[in-house]
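Overview (structure and organization)
Below, each chain spelled out in residue letters.
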Amino acid sequence: MKRFLVILTLISTFAIVIYILLNYWSFVFARTVAGEVFDVQRVDASTAILGNRATKDKDLFSFAIAVKEISGEIVTGSSEDRQWAVVKVGQCVEVKFYPYPPWDLNKAGTYYNARLLKLKDCGS
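In short, a report on the structure.

What counts and how
Here the residue index of a chain counts from 1 through its sequence in written order. Where local features are concerned, this predicted model is filtered to residues with pLDDT of at least 70; where side-chain atom pairs are given and counted, the filter is 80 or more; whole-chain, interface and lining totals use all residues. Values shown for side chains rest on all heavy atoms present in the structure; no hydrogens or waters enter the calculation. Numbering of helices and strands runs from the N terminus, with a helix taken as a DSSP run of H or I at least four residues long and a strand as a DSSP run of E at least two residues long. Any two residues whose heavy atoms approach within 4.5 Å at even a single point are treated as in contact. All accessible-area figures derive from a Shrake-Rupley calculation using a 1.4 Å probe, and residue coverage is judged against the displayed protein chains alone. For each residue, the accessible area found with a 1.4 Å probe, counting protein chains only, is set against the maximum for its type, and the residue is called buried under 20%, exposed over 50%, and partly exposed in between. At least two DSSP bridges between two strands are needed for those strands to be called paired.

Remarks on the overall build of the protein chain
Counting its regular elements, the protein chain contains four helices and five strands. Secondary structure elements of the protein chain occur, N-terminal to C-terminal, as α-α-β-α-α-β-β-β-β. A sequence separation of at least 24 residues applies to 57% of the contacts in the protein chain between residues at least 6 apart. As displayed, the protein chain has an accessible area near 8,700 Å², and 60% of this comes from carbon and sulfur atoms.

If you want it as structure tokens, here you go:
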């Protein structure tokens, strides 16, 4: 009976870990990057809005972000966060990048939902 409970506990723990990884992959493996804004581009509304469909906020506030770390690595990602509208090239930021899961084969290894955590002048 004791062996059965140990095996049941191990299987349950393994199932919970797998569930968390599958459903919260991006949050578990999120990457915080601090550095200088290398580039930030707003996706043009004419590119984002096609046809006669109603516009959504995510279509109007879509950004491509590139942040250069102190090590020289440039980390890129996309975002629908309106805060990026005020960010300029050359400012220093702290950003949380969320990775696409590896089973999303078209987007694996790239980041989305770049969240602006801190914005400051690089001189300060």
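Picking up after the structure, the text goes on.
Brief notes about the pairing of strand S3 (residues 74-79)
Across the two faces of S3 the burial differs, with Val-75, Gly-77 and Ser-79 buried and Ile-74, Thr-76 and Ser-78 not buried at all. Two strands pair when backbone bridges link them, and strand S2 (residues 63-69) and S3 are joined in this way by six bridges, in the antiparallel orientation. In the strand pairing of S3, Phe-63 is matched with Ser-79. Joining the antiparallel neighbours S2 and S3 is a turn of four residues, in which Gly-72 adopts a positive phi near 100°.

This is a description of form; function is not addressed.
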